[in-house]
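# Coordinate analysis (summary)
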Amino acid sequence: MIANWDVKYETNISEIDSQHKKLFRLINQIESIFEENKTHLSNHTKLLIDAVSELEDYTISHFLIEERVMELNQYPELEAHKKQHDRFTDKILELKKRLTTGNLVTDDAELNQFFSDLIQFLRLWLSNHILKEDMNYKPFIKLVL
C-alpha cells in the first residue's frame, strides 16, 4: 500500500514539509518498483539499488537541513534528534550494504522478503518520526533557512 502524504504530517515549515513529501515519493517509488516486479526482482536489482541510493542521499541531505533549522532555533532536543537521524542513516547504510553484497541480489525470494521488510520499515519510521519527533520541534521554529 502506497504511503500518502496527509496534512497531519505538516510542520508548517515549507522547506521541511516539501522535503518530507519528497521522502514519501521516494519510498513510494521503491514500493512501486517492488510491486511491479516482485516475481522477478533479481532482474531489476540495479533499478532497486538506485532507488534505495536516491532515498539514502536525499534523506541525508534532508537531515542536515532539518538539523540546521533546529540549530538556528536553539531546539533543546537537537542532540537527541540528531541521534535518531544517525540511527536511521546507519540502518539504511546497513540495509544497502546487505543488498549490494553477497547473493541477495540473485535470489528472488530473499529479495522479495528484503524489500517487503524495507518498505514496511521505511513507512513506519518516516510516519512515526514526523508525527512524534518532528512535531516536537515545531513550536520552537521561528527562523528558517
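Below or above, wherever it landed, is the structure these notes cover. (Residues numbered from 1 in each chain as written. Predicted model: local features only at pLDDT ≥ 70, side-chain atom pairs only at ≥ 80, totals over all residues. Heavy atoms only, no water.)

Glancing now at the packing of helix 1 (residues 14–37) against helix 2 (residues 45–72). Between helix 1 and helix 2, the least distance of the axes is 10 Å, while the angle of their chain directions is 165°. Relative to helix 2, helix 1 is oriented roughly antiparallel. Crossing of helix 1 against helix 2: the hand is left-handed. Every residue of helix 2 that contacts helix 1 at Glu15, Ile16, Gln19, His20, Lys22, Leu23, Leu26, Ile27, Gln29, Ile30, Ile33 and Phe34 is listed here: Leu47, Leu48, Ala51, Val52, Glu54, Leu55, Tyr58, Thr59, His62, Ile65 and Glu66. (Axes fitted to C-alpha atoms, helices over the stretch in contact; angles between N-to-C directions. Helix = DSSP H or I, 4+ residues; strand = E, 2+ residues; numbered from the N terminus. Parallel < 35°, antiparallel > 145°, perpendicular 65-115°, else oblique. Left-handed = near helix turned anticlockwise from the far one by under 90°. Contact = heavy atoms within 4.5 Å.)

This brings us to the pattern of salt bridges. Inspection of every chain in the model, using the stated rule, returns 6 salt bridges. Here Lys46 ties to Asp50 by a salt bridge, and the two come within 2.8 Å at their closest N and O atoms. Separated by 4 residues within a single helix, Lys46 and Asp50 lie in helix 2, roughly one turn from each other. For Lys46, a relative accessible area of 59% corresponds to the exposed category. A residue is classified by how much of its surface remains accessible, and Asp50, at 39% relative accessible area, is partly exposed. Residue Glu71 is joined to Arg68 by a salt bridge in which the shortest nitrogen-to-oxygen separation is 3.9 Å. (Salt bridge = Lys/Arg side-chain N within 4 Å of Asp/Glu carboxyl O. Buried < 20%, exposed > 50% of the residue type's maximum accessible area, 1.4 Å probe, protein only.)

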